[in-house]
Amino acid sequence: MISKAGKALNGRLDHRNPLVFDTHELGRRPGAMQRVSRTVEAPAKDEILGIQGVIGVPAGAPVELALRLESVMEGVLVTGTARARAEGECVRCLEPVEQQLDTDFQEMFSYPDADDRGRKHAEPGDDAEEDEEIIPLEDGLFDLEPVLRDAVVLALPMQPVCREDCAGLCSECGMNLNDNPGHHHDVADIRWAALQGLAGSLQSGEKDEMSGAEAEAGVDEKQEK
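Participant: How do you make sense of the overall build of the protein when you look at a structure like this?
Facilitator: Broken down by element type, the protein carries two helices and nine strands. Helices and strands appear in the protein in the N-to-C order β-β-β-β-β-β-β-β-β-α-α. Across the 225 residues that make up the protein, the buried fraction comes to 30%. Residue pairs in contact within the protein that sit at least 24 positions apart in sequence constitute 60% of those at least 6 positions apart.

Have a look at this one:
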């Protein structure tokens, strides 16, 4: 059985995992090269391979991998490209978004018995506390999933949009402004609201005074008669 991390139950890499690659055929002679093409399913570790809740390759969707494996003194240098279809949601109008994903990546996987000639050490006075990390090969195998995840996240937009000129949603009612470009709401300027209220009060007062004056005039006329 293969776990989500690409390892078998005993904690070691499992060659049956499609994202685990075997370098035994490549050999350890510096300069040797091998090309590998493989279509795999996006890992089901998360709902998407990418930026959670924003955009990514859905779990189980096909991912086309083209790799070049090169044997060097310190290990195996893996250079590759990944192609897939990413899905998400427009941050402006919330409509579905699809995007063709093409991303490049490169990673060094070191031999367990390699010396430190290929490692980058921190110079005295640098803030770096540790040497640059190089992922070790495990029985000639390497797991591409962590490298693939990092590459996909870097290649995807943090704020995907359905189109560059997307007008978004109406802030008052939520209507899609792309479908209704002339949509608007008549909103009174709040700066005039107090004056309008005052004008209304004055008009009401004037009407009341006029009604009172007319009533008094009617009484006077009756008394004269």
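More follows now that the structure is in view.
Participant: Explain the packing of aromatic side chains to me, please; I cannot follow it from the model alone.
Facilitator: Aromatic ring pairs are described here by two measures, namely the spacing of the ring centres and the angle between the planes. All told, the structure shown has two aromatic pairs when counted by the stated rule. Centroid distance Phe-21 to Phe-142: 5.5 Å. Interplanar angle 15°. Geometry classified as stacked. Here the residue Phe-21 occupies a position in strand β1 (residues 20–22), and Phe-142 occupies one in strand β9 (residues 141–143), the gap between them amounting to 121 residues. With relative accessibility at 2%, the residue Phe-21 sits in the buried group. In textbook terms, an aromatic cluster arises when at least three aromatic residues are bridged by ring pairs, as seen for Phe-21, Phe-109 and Phe-142. One cation-aromatic arrangement involves Arg-28 over Tyr-111; the distance from NZ or CZ to the ring centre is 3.8 Å.

Participant: Just to check I follow, could you spell out unusual backbone geometry for this structure?
Facilitator: Glycine aside, residues mostly have negative phi, and peptide bonds are mostly found in the trans state. Despite not being glycine, Leu-94 has its phi angle at roughly 70°, a positive value. By the element assignment, Leu-94 lies in the loop between β6 (75–89) and β7 (96–110).

Participant: What's the story with the pairing of β7 in this structure? I'm lost.
Facilitator: Along a regular strand, successive side chains alternate from one face of the sheet to the other. Two strands pair when backbone bridges link them, and β6 and β7 are joined in this way by 15 bridges, in the antiparallel orientation. Bridge pairing in β7 places Gly-88 opposite Val-97. In textbook terms, the turn of a hairpin is the stretch between consecutive antiparallel strands, and for β6 and β7 this stretch comprises six residues, one of which, Leu-94, has a positive phi near 70°. When β7 meets strand β8 (residues 135–136), the two strands line up parallel, connected through two bridges. Within the sheet, the bridge partner assigned to Ser-110 lies in β8 and is Pro-136.

Participant: How should I be thinking about the confidence of the model for the protein in this particular structure?
Facilitator: The predicted coordinates of low-pLDDT regions are not to be read in fine detail. For the protein, the mean per-residue pLDDT works out to 81, and 69% of the residues sit at or above 70. Within the protein, strand β5 (residues 62–71) carries the highest mean pLDDT (97), whereas helix α2 (residues 190–224) carries the lowest (58). Counting interchain partners and residues more than four positions distant, the pLDDT-below-50 stretch residues 117–131 has twelve contacts.

Participant: Before we go on, may I ask you to explain the pattern of salt bridges in this structure?
Facilitator: Side-chain pairing between opposite charges can occur once the charged atoms of the two side chains come close. What the rule picks out here adds up to seven salt bridges. A salt bridge links Arg-12 to Asp-139; the nearest nitrogen and oxygen atoms lie 2.4 Å apart. With Arg-12 in the segment before β1 and Asp-139 in the loop between β8 and β9, this pair connects stretches of sequence that are 127 residues apart. A residue is classified by how much of its surface remains accessible, and Asp-139, at 49% relative accessible area, is partly exposed.

Participant: Looking at this structure, I do not really get the side chain of Asp-143. What am I missing?
Facilitator: Along the chain, the position of Asp-143 falls in strand β9. Relative accessible area serves as the criterion here: at 12%, Asp-143 is assigned to the buried category. Within the structure, Asp-143 has its side chain in polar contact with the backbone nitrogen of Glu-145 (distance 3.1 Å).

Participant: Looking at this structure, how should I read the environment of Ser-37?
Facilitator: One can find Ser-37 in strand β2 (residues 33–41). When the C-alpha positions of Ser-37 and Ala-66 are compared, they lie 4.5 Å apart, and in sequence the two are 29 residues distant. If sequence neighbours within four positions are ignored, Ser-37 has contacts with Leu-65 and Ala-66.

The rules we used
- Residues numbered from 1 in each chain as written.
- Predicted model: local features only at pLDDT ≥ 70, side-chain atom pairs only at ≥ 80, totals over all residues.
- Heavy atoms only, no water.
- Helix = DSSP H or I, 4+ residues; strand = E, 2+ residues; numbered from the N terminus.
- Buried < 20%, exposed > 50% of the residue type's maximum accessible area, 1.4 Å probe, protein only.
- Contact = heavy atoms within 4.5 Å.
- Phe/Tyr/Trp six-rings, centres within 6.5 Å; stacked < 30°, edge-to-face > 60°.
- Lys NZ or Arg CZ within 6 Å of the ring centre and 35° of its normal.
- Pairing = 2+ DSSP bridges.
- pLDDT = per-residue confidence, 0-100.
- Salt bridge = Lys/Arg side-chain N within 4 Å of Asp/Glu carboxyl O.
- Polar contact = N/O pair within 3.5 Å; in protein donor to acceptor, adjacent residues only side chain to side chain.

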